[in-house]
Amino acid sequence: MSETPTYEPNAIEAKWQARWQEQGTNEPDLDGATRPYYNLMMFPYPSAEGLHVGNLFAFTGADVFGRFKRMQGYQVFEPIGFDAFGIHSENYAIKVGAHPATLIPQNIANFTRQLTRMGGMFPWRNVLSTTEPSYYKWTQWVFLQLFKRGLAYKKNGAVNWCPSCKTVLSNEQVVAGACERCGSVVEARVLEQWYFRITDYAERLLNNLDDRSKMDWSDTTVMAQKNWLGRSEGADITFTVAGGDAAITVYTTRPDTLFGATFMVLAPEHPLVDALTSDVQRDAVQAYRAQAAAKDLTSRKIGDKEKSGVFTGGHAINPATGKQIPVWIADYVLMEYGTGAIMAVPGHDERDFAFATKFALPIVRVVAGPGEDASTPLAEAFTEVDAGGVMVNSGDFDGRAPLDVKSALTAWLEGEGSGTKRVQYRLYDWCISRQRYWGPPIPIIYCDDCGPVAVPDDQLPVELPLIDDFRPDDSGVSPLARHAEWYFTPCPTCGKKSRRETDVSDTFLDSAWYFLRYPNTEFNDVAFDPARTKTWLPVDSYIGGNEHAVLHLLYSRFITMVLHDAGMLDFEEPFKKFRAHGLIVKDGAKMSKSKGNVVNPDQYMEHWGADTFRTYLMFLGPFQEGGDFRDAGISGPRRFLDKVWDLVTQAIDPDCRDAEIRHEVLIKWHQSKKRVTEEVEQLRYNTAIAALMELVNVLREQNCAERTVISELVQMTAPFAPHFAEECWERLGHATTIFDSPWPTFDHDLTVENTITIGVQVNGKTRGTITIAREADESVARAAAEAEESVSKYLTGQEIRKVIWVPGRMLNYVVG
RNA sequence: GCCCGAGUGGCGGAAUGGUAUACGCAGCAGACUCAAAAUCUGCCGGCUUCACGGCCUUAAGAGUUCGAGUCUCUUCUCGGGCACCA
C-alpha cells in the first residue's frame, strides 16, 4: 500500500490549468455552437492591489454556475476582460508618478495570473481591455451611433471643481462639500458637456422591468432601477403672472391640493426670475441667486436642509381660487426636475410647510383626515392621499376623496386650458463628458463652417495620444487641448483646419456594450458580427454586484435599446437573467483599504489550493447574500475534499469495491443528486455543498465506495473544485475532461423513503415521533401514535376533540 | 426622512405554515501515539432532574392558526440604496 497518491492541490491545479490551456477546454466553438450559453460576470477594474477576496467570491460563484451549465450539455461561453479606463487609474498614476499606459498592462498581467490561478473557465482568446484601441474604436463608434440618431447633444452642466487640485471631481469625490483629497471647498463650475438622451427611453426602460419573458432579474435590482427611474403621475399647471402676460408652469403630483397653493417657488436659476422681480426686491434676489450658484452641487442637494429663500416681489394667480399668491425663489426647488417651479401647498407638503413656517406664509388646509374638518389646525403637513380624508376649502370639490379629485381637478384644468396631465421621471440625461485624460476621446471635430462633425468611421479610432503631461490643469479643459498636433485636425467634411473634442467619455460607456464585443473580439471591421451575435446574445446569465444595480445595468440596457432601434440588434434587453451576488465582509465590516481588513486571496490559494478556497467561499454563506470571511473555517471544505479523495482511492481499488449499494445509501444518493441539482441552479451553493457533505458522511458510515456513486459524487464537486474533480475523474479511468461528462440524473422514486418518520403533536406540541409507511393513512398513523407511550400519556383521560392529519407530514391531536 | 434586506447555538449558517438548530468551524471526552500533529469515535442551545423526563428558546411584544423562525401588525437593532424629485 505504497503507491496511493495523496491529494496535493498545487501540483494538481498547475497540471490541469496547463492541460485546459493546451486543449482549449474552455473555448467553445463560437460559430458552430448548437446549445450556446452565455455566462457573463462583471469584468473587473484592474487595480494595482490585485484581485481581492470579494472579486474572487463573485467570479467563483459565476464560474460554478457556468461549469454546471456546461455539464448540463450547454456550450458555455464565460469570457473575462478588463475595465481599465477612468479616473481611478489616472489618479493612481499621478500619485505614483507613472503613466497609466504603462501601469495598466502590469495590473492586467497580475489579474490574469490570479484569474488563471483560481481556475475560472475563461476563454482567453476572447479577453478584452477597454483601453485597447481595437476596443475603444468601437466605443467611439457606439457614441457616433447615438450622435447620428440625435441622442447625443451638448448642453451646459454644472460640475464639481476643486480649485486646489485644479480638477473636476465626481460626486463621490466630494465629501461634505470639500475635496476628498485636499480638503478644499469645492466650487460649482458650469461647462458645456455631452449628454445622452436616456430620458427619451425612460418609459421603455421601466416597462420592460415588469416583463419576465425579457428579464428575469433579482427583485432588489428591479426595485433599485424603478426607484432610480422614479416615475410619477401628476399634472402641469399654468399660473398666470399678475399684471403681465407671462405664465409660470409647475409640475405637481398633487393637483387635488391646488386650492391650498398659497405661494409659488421658483428655482434660483429659473428663466422667469428676472421678469418677476420687483425693483424693491432686485438686490436681495441677485444676492440670493449668487449665493445659490456658488454652492457646490452636493451640498446644495444633500447638505443642510434648513430652508432659505427670497421673495421676488411678483405675484401669480392661483387658477382655482383666482387669488394672487406671492412668488419666491428658493434653492430647495431644483431646476433639473419638473419645470423648475412649484406651487407650494404648505398644508400638505413637508418642505412647503417648513418654508411657510419660516417665512410666515399662509397655510390652508384642503384635505381633512378622519375626525378632522376644514378648521382643524395643522401642526405639521398632512401628506396622506389615501387615508380616508376628504377635500375641504376646495369649492365644488369639497367632500370628495383626494384620489378622486386628483383626476377630476386635472380634467377641469384641461377644460380651462390651464393644465395637463403629465408623467414625470426622476431620471436625468446621462452626462458622458469627462475633462480628463485617461479615456476614449469623444470622436467629434469642431469646424467653424460645418459645426460639430462626426469623425468618419474609417478614421476611427481617434487614438488617445501617449502624452506625458496628462495632469488636469486650472483651465478645466481636458489636457488633450494642450497638444496642438493632436488638437488641430482638418474638418472631415470641408478640410478646413478644425479642432478636436478634448473631452473623453465616461467609463460607464466602455462597460455599457462590452458584452456585445466578447464573442466578436477577432473582428476588426465590425463591432459585432450579426451571425455571432444571433448565436450568443442576449446574455443568458449575468452575475454581478448590486453596486451596479442602477447605473451600469441601466446604461447597458439603454445602449442595447438604441442599437436595437437602429436595426443592429434583434433584442432590446441585453441580460435575460441577472443575479446580484452578496458582499464578503471581514469581522462584520465591509473590506476596505482604509479599514485595513482587506484579505489577499493569493496566500490562501497558495496554502490551501484554489479548489479548497473556492469551495470555502461558496460554503460560507448564501451566494446572493455574501458572508463573513473567517480563515478558521477553511479547514472544513479541505477535509471534505480529502474525504472525497479517499473515497475515490477506495473506489478504484478492486479489492475493496462494494458491489452492492445498500438501500440507505441508494436513497441518500438520489436525494443528494436532486438537492444539488436544484440548489446549484438557484445559486444556493452553500446548501448544495452541505448536501454533498451529508452524502459523504453517509457513504463513510455505510462503508460504501461503489464506483458509480463515487463517480457521480466527483461530478457534483466539479463546479466547485474543478482541478480536483478532473484529477479524480482521471484516476477513475476517464480520458476526457469531466466538464464534457453529463451532469448526474436522479430517479425521483428513489428520492423518497418507503418508510417515513413524522412528528406527533398534542395540542401543537411535539410529543413523539412515529415511523410509518409513506402511504399510510390516518388510522394506521393514529394506531402507531397511540401505541407510543410518550404520546399516549398526554391522551389518557383527555377528550380528543379533533385530529389533524397531514399525510406524510404530521399528526396533531387536539385534546382538552 | 423614504425604499429595500436581515436579526436563529460560542461562531458561519440550515429549515414548501408541520420533529427548530442540517452542514461546517470552534470546544470537550475517548482511541491511536513515548508525545504531539493528523486521523478516527462520541458529546455539544438554556434552565431543571440521580435518572426517565419536564419547562423554556429563532431581536421584543401582540395577532391569525390545530400548529408560526416562516403569515399580519407594532417596536428595537444592524446592513444596503436613495436623499429637499414637488
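Criteria and thresholds
- Residues numbered from 1 in each chain as written.
- Chains lettered and ligands numbered in written order.
- Predicted model: local features only at pLDDT ≥ 70, side-chain atom pairs only at ≥ 80, totals over all residues.
- Heavy atoms only, no water.
- Helix = DSSP H or I, 4+ residues; strand = E, 2+ residues; numbered from the N terminus.
- Buried < 20%, exposed > 50% of the residue type's maximum accessible area, 1.4 Å probe, protein only.
- Pairing = 2+ DSSP bridges.
- Axes fitted to C-alpha atoms, helices over the stretch in contact; angles between N-to-C directions.
- Near = heavy atom within 4 Å.
- Polar contact = N/O pair within 3.5 Å; in protein donor to acceptor, adjacent residues only side chain to side chain.
- Nonpolar A, V, L, I, M, F, W, Y, C, P; charged D, E, K, R; others polar.
- 1 Å grid on protein atoms, 1.4 Å probe; cavity = no way out; pocket = protein on both sides within 12 Å on 5 of 7 lines; lining within 4 Å.
- Points joined across faces, edges and corners; volume = space filled by probe spheres on them.

Peer 1: Before we move on, can you summarise unusual backbone geometry with the specific residues and values?
Peer 2: Note the cis peptide between Leu 460 and Pro 461, where omega equals 0°. If you trace the backbone, Pro 461 turns up in the loop between strand S23 (451-454) and helix H13 (484-487). Leu 537 connects to Pro 538 through a cis peptide bond whose omega is 0°. One non-glycine residue, Leu 683, adopts positive backbone phi at about 65°. As for its position among the elements, Leu 683 is in the loop between helix H21 (663-681) and helix H22 (685-701). Not every positive phi belongs to a glycine, and Asn 703 is a case in point at roughly 60°. Its location among the elements puts Asn 703 in the loop between H22 and helix H23 (707-717). On the basis of relative accessibility, which here comes to 58%, the residue Asn 703 falls in the exposed class.

Peer 1: Which residues make up the sheet that holds strand S25 (residues 497-500), and what are the values?
Peer 2: Reading across the sheet, the four strands line up as S23-S22-S25-S24 and stay open at both edges, with antiparallel pairing between neighbours. Unpaired on one side and paired on the other, S23 and strand S24 (488-490) mark the two borders of the sheet. When strand polarity is set aside, the average angle formed by the axes of neighbouring strands in this sheet is 45°. Taken together, the three bridges between S24 and S25 define a ladder with antiparallel strand orientation. Its bridge partner lying in S25, Thr 489 is registered against Ser 498.

Peer 1: Can you break down the protein's contact with RNA strand B residue by residue, with the values?
Peer 2: Around RNA strand B, 53 residues are found, and the nearest of them are Thr 253, Tyr 337, Arg 351, Arg 684 and Arg 809. Backbone atoms, meaning sugar and phosphate, make up 63% of the atoms of RNA strand B lying within 4 Å of the protein. Note that a phosphate oxygen of RNA strand B is positioned 2.7 Å from one of the side-chain N or O atoms of Arg 639. Between Asn 686 and RNA strand B, the recorded distance is 3.1 Å, taken from a side-chain N or O atom to a phosphate oxygen. Looking at which element gives the most residues to the surface near RNA strand B, the answer is H22, with seven residues. Classifying every residue of the surface near RNA strand B gives 18 nonpolar, 17 polar and 18 charged.

Peer 1: Residues and numbers for empty space enclosed by the protein, please.
Peer 2: Within this structure, the stated rule accounts for two cavities of 30 Å³ or more. For the lining of the largest cavity, the residue count by class is three nonpolar, four polar and one charged. Lining the second largest cavity are Tyr 45, Pro 46, Ser 89, Tyr 92, Pro 100, Leu 103, Ile 104 and Asn 107. Contributions of two or more residues to the lining of the second largest cavity are made by helix H3 (87-96) and helix H4 (100-117). Tallied by class, the residues present in the lining of the second largest cavity amount to six nonpolar, two polar and no charged.

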